[in-house]
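Architecture and fold: a report
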Amino acid sequence: MEIAEKNKIKTIKEVKRADLLGIFENRSLLLNIPDFFDENTCSSLTKKIHNNMILGFYENAPKIGRIGKAFYETIASKKTQNEYFESSQQWIFELRRCCFPLISPIDSLRVYLDDIWPYGSTLASVNGKKIFVGLARYFTSEASAEPHQDIIQRDAPDTDISKIVKRQIAANVYLNVPNQGGELEIWNWAASDEEFKNLKDKRPDFSYAFDRNLIRSSDVKLKPSIGSLVLFNSNNVHAVTPSSDDRLSISCFIGYCGQNKPLLLWS
Ligand SMILES: O=C(O)CCC(=O)C(=O)O
Ligand SMILES: [Fe+2]
């Protein structure tokens, strides 16, 4: 679907239910909410997180650091799933403790979404266990994210979440941005399962992503500002350009399960 230029990047002060629906339904590509947090708070939070949290790295993207684990990383075996659910709540508490007396950015976002959506928002559960939300992504010098999609039905098929989520948004709060690079790129294109398979077959070495040289260029590019909240439909192909230095964001996915249902959150 063609998206009017003015709706490609919508910069707004407050998110309303209609704005979220616009992203879920692909009527706009990206919502940019600058000053969701103020710069000084972000700088203090960045230091606290940097000094107190234990950094791991994505198994399929070893240059990108992360605090906590993405749900899809843990589904390979019963063992990794059990380990994940033993820690999932702890990671939320740890981030909250680390940020104190400032508010943990994911707590702020959770309350915000709960307020703007008529049926509220809630953490996703799997087999009666609450998921982790609030993954911190840490791009150090030169790290980038290659063009990819985040689709729960592909990433974690046959799970409780994938069965009830109909549409998916990625939410990021940027606590630190690099001097150069670190731009978020979005394509007005959600690769179908067939396109996905074809691109993967051409470059199986690209693990989670597509080879940029095999696809057209992106439709929008945004250099996030410190403290901004950015929302986009994660079915659309998206990427992050290489960072000159540290880039830190707190992220989660927001699932739409129906008009009269709460939003579902996970990382
Ligand atoms: O860090 C960003 O700007 C976006 C990262 C990403 O791929 C996502 O949120 O799904
Ligand atoms: Fe992504």
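The structure displayed is predicted, hence computed values, not measured ones.

About the cut-offs
Residues numbered from 1 in each chain as written. Chains lettered and ligands numbered in written order. Predicted model: local features only at pLDDT ≥ 70, side-chain atom pairs only at ≥ 80, totals over all residues. Heavy atoms only, no water. Donors = N, O, S within 2.8 Å, 3.2 Å for Na, K, Ca; no water. Helix = DSSP H or I, 4+ residues; strand = E, 2+ residues; numbered from the N terminus. Buried < 20%, exposed > 50% of the residue type's maximum accessible area, 1.4 Å probe, protein only. Axes fitted to C-alpha atoms, helices over the stretch in contact; angles between N-to-C directions. Parallel < 35°, antiparallel > 145°, perpendicular 65-115°, else oblique. Contact = heavy atoms within 4.5 Å. Nonpolar A, V, L, I, M, F, W, Y, C, P; charged D, E, K, R; others polar. Salt bridge = Lys/Arg side-chain N within 4 Å of Asp/Glu carboxyl O.

The next thing to look at is the coordination of the iron ion (ligand 2). Ideal geometry at a metal centre gives angles of 109.5 degrees when four donors are arranged tetrahedrally and 90 or 180 degrees when six donors are arranged octahedrally. Protein coordination of the iron ion (ligand 2) is provided by His148 (NE2), Asp150 (OD) and His238 (NE2), with donor distances spanning 2.1 to 2.2 Å. In the primary sequence, the donor residues of the iron ion (ligand 2) line up as H-x1-D-x87-H. With Asp150 in the loop between β9 (145–148) and α6 (152–155) and His238 in strand β14 (residues 238–240), the pair connects residues that are 88 residues apart, well separated along the chain. Taking relative accessible area as the criterion, His238 reaches 5% and is therefore assigned buried.

Contact geometry of helix α4 (residues 78–99) with helix α5 (residues 105–116) gives a least axis separation of 8 Å together with a crossing angle of 110 degrees. It follows from the interaxial angle that α4 and α5 lie roughly perpendicular. For the pair formed by α4 and α5, the contact residues are Ile92, Leu95, Arg96 and Cys99 on the first element and Pro105, Ile106, Asp107 and Arg110 on the second. By residue class, the composition of the contact of α4 with α5 is five nonpolar, no polar and three charged.

The next subject is the pattern of salt bridges. Tallying each qualifying case throughout the model produces 13 salt bridges. With a closest N to O distance of 3.1 Å, Lys79 and Glu83 form a salt bridge. Of this pair, Lys79 and Glu83 both sit in helix α4, four residues apart, roughly one helical turn. Under the relative-accessibility criterion, Lys79 is labelled exposed at 58%. With a relative accessible area of 38%, Glu83 lands in the partly exposed category. Two residues, Arg212 and Glu185, come together in a salt bridge whose shortest N-O distance is 2.5 Å. In this pair, Arg212 sits in the loop between α8 (193–202) and β12 (220–222) while Glu185 sits in strand β11 (residues 184–186), placing the two residues 27 residues apart along the sequence. A residue is classified by how much of its surface remains accessible, and Arg212, at 30% relative accessible area, is partly exposed. Given the relative accessible area of 5%, Glu185 is considered buried. Overlapping salt bridges, with partners in common, bring together Glu146, Glu185 and Arg212 in one network.

On their own, these measurements won't tell you what the molecule is for.
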